Amino acid sequence: MSISFKDKVAIVTGAGGGLGKEYALELARRGAKVVVNDLGGSRDGTGSSDAAAQVVEEIEKAGGEAMANGGSVTEFDQMEKMVADAKQKWGGVHILINNAGVLRDKSFAKMSPEDFEFVVKVHLTGSAFATKAVWETMREQAYGRILMTASSTGLFGNFGQANYGAAKLGLAGLTKTLYLEGAKYNIKVNTLSPVAGTRMTQDLFPEEAFKLFDPVNVVPAALFLVSEDSPSNAIVGAGAGGFHSSWTVMNDAVWLPDGERTVEGFAENWDKISDFSNLKAPKSGNEQSGAILTAMQKVTGTGPDSARG
């Protein structure tokens, strides 16, 4: 089976280097017309360069089609213009990979409010802005593939990255709502948690590990998750040739009757409430309230059939 992106138009943000560049190059090799978006700043979001133009040149030399875009994901009007330019040139937008990002790492005690806000704005709000800019087009054409870039920091935590982790887990949450809202329009939305040696991580890895975690090793997962036959609402980890899935899970609810519904009653039941033996991955938030009602019915034998949480 060969996966092709012929006749598809793809936007990759932060595609001037690292992961985004590798995504753009492989999409183009497989037939996609690619918008290479990159503001060109350093990893903390400052400065500028012509990185996007260089990637476009590389794609065109190999016989592909691409256009550079220097818009900032934090400016919604610039994202709207990027999409409009792509539609004017190629007629539509079928794929969006939200890859643009910055780092401003410090312990929370030393982190300024400005550094917290800026990182969240680039990663979370920026991905939402780019997605909003393509959303109506994808609805109208009844086709869309969107990839959010999360992180193990967001999913599991990491010292010194409170701003980054908050934004990255937020992206997983954004995916979980958009996959529901986009389903009837054939818009599939997934989350990727990559581990790669890029300019954002070059001082976090020893040299040999940095080489092992080459960004090209993440490309297979990213491109599958934006392909025609992709799943939706998946959370996939990728790096150094290893791939895995992650889930947001919950266990069976424990229903406490009136007499036990106290702080002490909760404490006495904590072992059951925190039990790991009966986990499941809900497909929507409504399943939380459903689980509570199911637990109540088991105890009382009565209760409404459904509720919205």
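Above this text sits the structure in question.
All chains use their own residue numbering, which begins from 1 and follows the written sequence. Thresholds applied to this predicted model are a pLDDT of at least 70 for local features of residues and 80 or more for the giving and counting of side-chain atom pairs; totals over whole chains, interfaces and linings are not thresholded and use all residues. Derived side-chain values reflect all non-hydrogen atoms in the structure, with water molecules and hydrogen atoms excluded from consideration.

A. Fine view of helix α1 (residues 18–29). By the criteria applied, helices consist of DSSP H or I runs no shorter than four residues and strands consist of E runs no shorter than two, each listed in order from the N terminus. One less than the residue count of a helix, multiplied by 1.5 Å, gives the span that helix is expected to have. Between its first and last C-alpha, α1 extends 17 Å over 12 residues, near the 16 Å set by a 1.5 Å rise per residue. A large share of α1 lies buried, amounting to nine of its 12 residues. Buried residues along α1 sit in contact with β1 (9–12), β2 (33–37), α2 (51–61), β4 (95–98), β6 (187–194) and α8 (219–224). Just downstream of α1 lies G31, where phi reads positive at about 105°. Only protein chains enter the accessibility calculation, which uses a 1.4 Å probe; a residue is then buried when its area is under 20% of its type maximum, exposed when over 50%, and partly exposed in between. Note on definitions: a residue-residue contact is assigned when non-hydrogen atoms from the two residues lie within 4.5 Å.

B. Broad picture of the pairing of strand β5 (residues 144–149). Within β5, six of the six residues are buried, which leaves it mostly tucked inside the rest of the structure. Burial along β5 is two-sided: the residues G144, I146 and M148 and R145, L147 and T149 are all buried. What joins β4 to β5 is helix α4 (residues 113–141), and the crossover it makes is right-handed. At least two bridges found by DSSP between two strands is the condition for calling them paired. Relative to β6, β5 runs parallel, the two sharing six bridges. Following the sheet pairing, L147 is matched in β6 by N190. The handedness of a crossover follows from its direction of travel: if, with the strands pointing away from the viewer, the path from the first strand over the helix to the second runs clockwise, the crossover is right-handed.

C. Highlighting the sheet that holds β4. With mixed pairing, eight strands are arranged side by side in an open sheet as β3-β2-β1-β4-β5-β6-β7-β8. Each of the sheet's edge strands pairs with one partner strand only, and the pair in question is β3 (65–69) and β8 (242–246). On average, each strand axis in the sheet is tilted by 20° relative to the strand beside it, whichever way the strands run. Two strands pair when backbone bridges link them, and β1 and β2 are joined in this way by four bridges, in the parallel orientation. Looking at the pairing, A10 lines up with V34 of β2. A fitted line through C-alpha atoms represents every axis, and for helices the fit uses only the stretch in contact; the resulting angles, taken between N-to-C directions, go from 0 to 180 degrees. The strands that α2 touches are β2 and β3; relative to β3, the one it contacts most, it runs at about 175°.

D. Summary view of the pattern of salt bridges. When a carboxyl oxygen of Asp or Glu lies within 4 Å of a side-chain nitrogen of Lys or Arg, that pair is called a salt bridge. Within this structure, the stated rule accounts for 10 salt bridges. A salt bridge links D252 to K280; the shortest N-O distance between them is 2.6 Å. One end of the pair, D252, is in the loop between β8 and α9 (263–268); the other, K280, is in the loop between α10 (270–273) and α11 (286–300), with 28 residues separating them in the sequence. Accessibility expressed as a relative area gives 36% for D252, which makes it partly exposed. Looking at K280, the relative accessible area reads 32%, which means it is partly exposed.

E. Molecular detail of the side chain of S72. Among the structural elements, S72 can be located in the loop between β3 and α3 (76–90). Each polar contact in these results corresponds to two N or O atoms within 3.5 Å; when the atoms are within protein, one needs to be able to donate a hydrogen and the other to accept it, and residues that are neighboring in sequence are counted only if both atoms are side-chain atoms. Reaching out from S72, the side chain makes a polar contact with the side chain of T74 at a distance of 2.7 Å. Once residues lying within four places of it in the same chain are set aside, the contact partners of S72 are L39, Q78 and M79.

F. View of the packing of α3 against α4. Their axes nearest at 8 Å, the elements α3 and α4 cross at an angle of 40°. Classified by the angle between their axes, α3 and α4 sit oblique to one another. The chirality of how α3 crosses α4 is right-handed. Packed against α3, whose contacting residues are F76, M79, E80, V83 and K87, the element α4 presents F129, A130, K132, A133, V134 and T137 at the interface. Amino acids are sorted into nonpolar (Ala, Val, Leu, Ile, Met, Phe, Trp, Tyr, Cys and Pro), charged (Asp, Glu, Lys and Arg) and polar (every other residue, Gly among them). For the contact of α3 with α4, the residue count by class is seven nonpolar, one polar and three charged. Each angle receives one of four descriptions, namely roughly parallel if under 35 degrees, roughly antiparallel if over 145, roughly perpendicular if within 65 to 115, and oblique otherwise. Note on convention: the crossing is left-handed when the near helix lies turned anticlockwise from the far helix by less than a right angle, right-handed when the turn is clockwise.

G. Focus on the packing of α1 against α2. Interaxial distance between α1 and α2 falls to 10 Å at its minimum, and their mutual angle equals 25°. The pairing of α1 with α2 is recorded here as roughly parallel in orientation. Between α1 and α2 lies a crossing whose hand is right-handed. Contacts between α1 and α2 pair K21, A24, L25 and A28 from the former with V55, E58 and I59 from the latter. Within the contact of α1 with α2, the residues separate by chemical class into five nonpolar, no polar and two charged.

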